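# Structural overview
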Protein chains: 2
Amino acid sequence: MTLRPTQACEHCTLRQLCLPVGLPQHELWQLDEIVQQRRPIEKGTALFNMGSRFDTLFAVRTGALKTVLNTDDGTEQITGFALAGDLLGLDAIHSGQHPVSAVALESTSVCAVPYTHVDDLADRLPTFRQHMMNVMSQGLAQDESLHALLGQRTAEQRLATFLVTLSERHRARGLSTERFYLPMSRADIANHLGLTQETISRLFTQLRKQGVISLHTRDLEILEPQSLRNAAGVTITPAASSA
Amino acid sequence: MTLRPTQACEHCTLRQLCLPVGLPQHELWQLDEIVQQRRPIEKGTALFNMGSRFDTLFAVRTGALKTVLNTDDGTEQITGFALAGDLLGLDAIHSGQHPVSAVALESTSVCAVPYTHVDDLADRLPTFRQHMMNVMSQGLAQDESLHALLGQRTAEQRLATFLVTLSERHRARGLSTERFYLPMSRADIANHLGLTQETISRLFTQLRKQGVISLHTRDLEILEPQSLRNAAGVTITPAASSA
DNA sequence: CGCTCTTTTGACTAGATTCAATGGTCGTGG
DNA sequence: CCACGACCATTGAATCTAGTCAAAAGAGCG
């Protein structure tokens, strides 16, 4: 099952996840007026490139993208994966330039909101301003968890955590937490987690043999969620976290 | 609550770096009215603990802190180091709970701003709201660079990049970029960079032997800035366009 | 001045990478 | 509709970077 947003924010299935969060019904139309639809982006093409001018905030409607940071020696770092309902471009506000590229992992459609309008909304609607602050704050906290993952955890723990996190993100979207499609390649997962694709492949094989997951190409089924959480090893203590 | 009379933001040397950025003179007094001073925090003690309620934003006046994320198996991840002028607590806005602890690395004093007042200022002063968005956006972008550092770089590149970054932060504060004190231990640096203290120690020895740095205990001098940048290896290139 | 914590150095180990080759999948065009 | 080619995934063997364990030297504090 896929999420099929309708044109108006008011009727969008992602309403509880995306920009409209917390906006009263009668204010949603203000958002609707400025949201622009774009034709779907083909798999492998960029929504925007690193270094390009930032003037538009994007929200993923359907599909998935990876955000990629390029270094001058040709290496890449995939800093995250954006799923339906996620916002793209918040990291570019301060400099006016995108610090990463956003590349579609599959055919993807987005909503585009000129940032001047976002700023204007934030000015007029306190609820909206607070929502924007909340989203950015959550991003900062998630980055800290990711830092801990990369800094302290083994390859197996990183992959298991990645899968658990993906599962949780599907839950937030009302999708199955046990069965879902991985829109990214093994190499993408590896790069994101600071590992190599060979290591990821070996770990997948291992998890399959242990009966924890079933994985055919990119169709994942989590057979033993608790085992996977155990493999992830660590939960962060204060309260439930997500990433 | 032992609050001393507020000292004016207007005359603070960190004015260009901290919360007052972009506020016109006549609006600074609004900030001054709500900023509370606190008695200095002793080295090793926490300004706030992970999991504790968030209701106050902090700005470092003097000294330095580390932000630490604890996992339930006893490991720690130092997610960052806060220097004079840096803000603490932005990652807690969305959940109302601190996702990290902030621990003083030396005797440290901070300004405390109740978050309700910050929100109120953001409501009344568009410039202030935009500054807050900018600071958080910059934080997100910095986290992405850090992700690339941990995910793709060797131990030597990580340490060299860390030193270069520290040097740049000193520059932003009008301090010497070539000579400064390291307020954190080798173990702290190691933890932050996803390495061990032994590795950091060996790398420092190596950089000393190469004549790139001079380091006595925690007094650092960068003798050959260019060599250090070379050792850092990579600079991030949003040079895709700009201009 | 002595105790403790931090830093340095050495020897050995191990988890993950690299290099290399084979096996699968999928889209495209004959 | 099947075959080809490109890309993605898996597996194996050898290597290496950084970690672990251990011990000694140095700095700071009461």
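None of the values given here were measured: they were computed from a predicted structure.

Conventions adopted
- Residues numbered from 1 in each chain as written.
- Chains lettered and ligands numbered in written order.
- Predicted model: local features only at pLDDT ≥ 70, side-chain atom pairs only at ≥ 80, totals over all residues.
- Heavy atoms only, no water.
- Contact = heavy atoms within 4.5 Å.
- Buried area = accessible area lost by both parts, 1.4 Å probe.
- Salt bridge = Lys/Arg side-chain N within 4 Å of Asp/Glu carboxyl O.
- Polar contact = N/O pair within 3.5 Å; in protein donor to acceptor, adjacent residues only side chain to side chain.
- Helix = DSSP H or I, 4+ residues; strand = E, 2+ residues; numbered from the N terminus.
- Pairing = 2+ DSSP bridges.
- Axes fitted to C-alpha atoms, helices over the stretch in contact; angles between N-to-C directions.
- Parallel < 35°, antiparallel > 145°, perpendicular 65-115°, else oblique.
- Left-handed = near helix turned anticlockwise from the far one by under 90°.
- Phe/Tyr/Trp six-rings, centres within 6.5 Å; stacked < 30°, edge-to-face > 60°.
- Buried < 20%, exposed > 50% of the residue type's maximum accessible area, 1.4 Å probe, protein only.
- Least-squares fit on C-alpha atoms with pLDDT ≥ 70 in both.
- Near = heavy atom within 4 Å.
- Nonpolar A, V, L, I, M, F, W, Y, C, P; charged D, E, K, R; others polar.

### Re the interface of chain A and chain B
On the side of chain B, 57 residues touch chain A, which itself brings 56 residues to the contact. Both faces combined, the contact of chain A with chain B buries some 4800 Å², and carbon together with sulfur accounts for 59% of it. Connecting chain A to chain B are 6 salt bridges. Among the salt bridges present, the one from Asp 123 of chain B reaches Arg 129 of chain A, with a minimum N-O distance of 3.0 Å. In this structure, the connection of chain A to chain B is made through 28 residue pairs in polar contact (both at pLDDT 80 or more). For the side of chain A that touches chain B, the secondary-structure elements that each account for two or more residues are strand 4 (65-70), strand 5 (76-82), helix 2 (115-124), helix 3 (126-152) and helix 5 (186-193) of chain A. Residue contributions to the side of chain A that touches chain B peak at 21 residues, all from helix 3 of chain A.

### Notes on the sheet that holds strand 5 of chain A
Residue and element names in this part refer to chain A. Across the sheet, which stays open at both edges, the 4 strands sit in the order 2-7-4-5 with antiparallel pairing between neighbours. Looking at which strands have only one partner, the edges of the open sheet turn out to be strand 2 (46-48) and strand 5. Across the sheet, the mean angle separating the axes of adjacent strands is 30 degrees when strand polarity is ignored. Note that strand 4 and strand 7 (residues 101-104) share 4 bridges and pair antiparallel. Following the sheet pairing, Lys 66 is matched in strand 7 by Val 103. In the packing of helix 5 onto the sheet, contacts are made with strand 4 and strand 5, and the angle to strand 5 comes to roughly 105 degrees.

### A look at the packing of helix 3 of chain A against helix 2 (residues 115-124) of chain B
Packing of helix 3 of chain A against helix 2 of chain B brings their axes to within 11 Å, and their N-to-C directions diverge by 120 degrees. As judged from the angle between their axes, helix 3 of chain A and helix 2 of chain B are oblique. As for how helix 3 of chain A packs across helix 2 of chain B, the hand of that crossing is right-handed. Contacts between helix 3 of chain A and helix 2 of chain B involve Pro 126, Arg 129, Gln 130 and Met 133 of chain A from the former and Tyr 115, Asp 119, Ala 122 and Asp 123 of chain B from the latter.

### Observations concerning the packing of aromatic side chains
Residue and element names in this part refer to chain A. Scanning all chains against the criterion turns up 6 aromatic pairs over all chains. Aromatic pair Phe 81 and Phe 162: ring centres 5.9 Å apart, planes at 65 degrees, arrangement edge-to-face. Remark: Phe 162 occurs in helix 4 (residues 155-172) and Phe 81 occurs in strand 5; sequence separation between them is 81 residues. Here Phe 81 and Phe 162 have matching classes, each one buried.

### Notes on the relation of the copies chain A and chain B
In the superposition of chain A on chain B (RMSD 0.1 Å, axial shift 0.0 Å), the rotation amounts to 180 degrees. The operation mapping one copy onto its partner corresponds to a two-fold rotation axis. Both copies share a contact surface, since 96% of the interface residues of chain A are interface residues in chain B too.

### Section: the protein's contact with DNA strand C
Ala 155, Thr 199 and Arg 202 of chain A together with Thr 205 and Arg 208 of chain B are the nearest of the 17 residues found near DNA strand C. Among all atoms of DNA strand C positioned within 4 Å of the protein, those belonging to sugar or phosphate total 60%. Contributions of two or more residues to the surface near DNA strand C are made by helix 6 (197-209) of chain A together with helix 6 (197-209) of chain B. Examining the composition of the surface near DNA strand C, we find that 6 residues originate from one element, helix 6 of chain B, more than from any other. Considering only residue class, the surface near DNA strand C consists of 2 nonpolar, 8 polar and 7 charged.

### So, unusual backbone geometry
Residues other than glycine seldom take positive phi values, yet Thr 217 of chain A does so here, at roughly 55 degrees. Assignment of secondary structure puts Thr 217 of chain A in the loop between strand 10 (213-216) and strand 11 (219-222).

### Observations concerning the protein's contact with DNA strand D
In the vicinity of DNA strand D lie 17 residues, with Arg 202, Thr 205 and Arg 208 of chain A together with Ala 155 and Thr 199 of chain B positioned nearest. Each atom of DNA strand D within 4 Å of the protein belongs either to a base or to sugar and phosphate, the latter forming 67%. Between DNA strand D and the protein, one listed contact pairs a base nitrogen with a side-chain N or O atom of Arg 202 of chain A at 2.9 Å. In the environment of DNA strand D, a phosphate oxygen lies 2.5 Å from a nitrogen or oxygen atom belonging to the side chain of Thr 199 of chain B. Taken together, the elements giving at least two residues each to the surface near DNA strand D come down to helix 6 of chain A together with helix 6 of chain B. Per element, the largest residue contribution to the surface near DNA strand D is 5 residues, and it comes from helix 6 of chain A. Its residues assigned to classes, the surface near DNA strand D comprises 2 nonpolar, 8 polar and 7 charged.

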